[in-house]
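Spelled out, the chains give:
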Amino acid sequence: MALARAALEVAAEALPAYSSKFSRKDFTQHQLFAMLAVRRFLKLDYRGLEVLLREWSELREAMGLRKVPDHSTIQKAARRLLETRPPALAWLAAVKSPHPRRVA
């Protein structure tokens, strides 16, 4: 959960809350960035992250999530965030998993 909180702080400094003024505003880019950091740290696929978020209420609370995004929402956000290459992505690239194996 410390990772999620740190990722939220980094994203808040480097990214606007929403990618467009027309965004649905279900999730901020900060929250999506934090989800991607957790995904990378735990070496999960997008569906695995969705399941983890559904099951771990404390993590949802730490990220300020009122609901869990569909795995495709997280995947599209990853594609969008990776295309823009903000400084926050350098931080995300530095996130290392303590687990050498992939967890699905």
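Everything below is about the structure shown above.
Notes on the structure follow. What you see is a predicted model; the values in this text were computed from it and never measured. (Residues numbered from 1 in each chain as written. Predicted model: local features only at pLDDT ≥ 70, side-chain atom pairs only at ≥ 80, totals over all residues. Heavy atoms only, no water.)

### Remarks on the overall build of the protein
When helices and strands are counted, the protein shows six helices and zero strands. Start at the N end of the protein and walk to the C end: the helices and strands fall as α-α-α-α-α-α. Counting only residues that meet the buried cut, the protein has 40% of its 104 residues in that class. Expressed as a percentage of contacts within the protein between residues at least 6 apart in sequence, the contacts between residues at least 24 apart total 65%. If you sum the accessible surface of the protein, you get close to 6,400 Å²; carbon and sulfur atoms cover 52% of it. (Helix = DSSP H or I, 4+ residues; strand = E, 2+ residues; numbered from the N terminus. Buried < 20%, exposed > 50% of the residue type's maximum accessible area, 1.4 Å probe, protein only. Contact = heavy atoms within 4.5 Å. Areas by Shrake-Rupley, 256 points an atom, 1.4 Å probe, with all protein chains shown as cover.)

### Here's the deal with the environment of Tyr 46
The residue Tyr 46 is located in helix 3 (residues 46–55) in this model. Overall, the relative accessible area of 18% leaves Tyr 46 in the buried class. Distance in space between the C-alpha atoms of Tyr 46 and Leu 36 is 8.9 Å, their sequence separation being ten residues. For Tyr 46, the contacting residues outside a window of four places in its chain are Leu 36, Arg 39, His 71, Ile 74, Gln 75 and Ala 78.

### Side note on the side chain of Glu 50
Within the secondary structure, Glu 50 is located in helix 3. Every residue in contact with Glu 50, bar those within four places of it in the chain, is listed here: Val 68, Pro 69, Asp 70 and His 71.

### Focus: the environment of Ile 74
Of note, Ile 74 is situated in helix 5 (residues 71–84). Residues in contact with Ile 74, not counting those within four places in the same chain, are Met 35, Leu 36, Tyr 46, Leu 49 and Pro 69.

### Here's the deal with the packing of aromatic side chains
Aromatic ring pairs are defined here through the distance separating the ring centres and the angle between the ring planes. Under the criterion given, the structure shown has zero aromatic pairs. Above the ring of Tyr 18, the side-chain terminus of Lys 25 is found at 5.1 Å from the ring centroid. Of note, Arg 39 hangs over the ring of Tyr 46, and the distance from its end group to the ring centre comes to 3.9 Å. (Phe/Tyr/Trp six-rings, centres within 6.5 Å; stacked < 30°, edge-to-face > 60°. Lys NZ or Arg CZ within 6 Å of the ring centre and 35° of its normal.)

### Quick look at helix 1 (residues 2–14)
Taking 1.5 Å per residue as the helical rise, helix 1 with its 13 residues ought to reach 18 Å, and the 19 Å between its terminal C-alpha atoms agrees with that figure. Among the residues of helix 1, Ala 4, Ala 7, Leu 8, Val 10 and Ala 11 are the ones counted as buried. (Expected span 1.5 Å × (residues − 1).)

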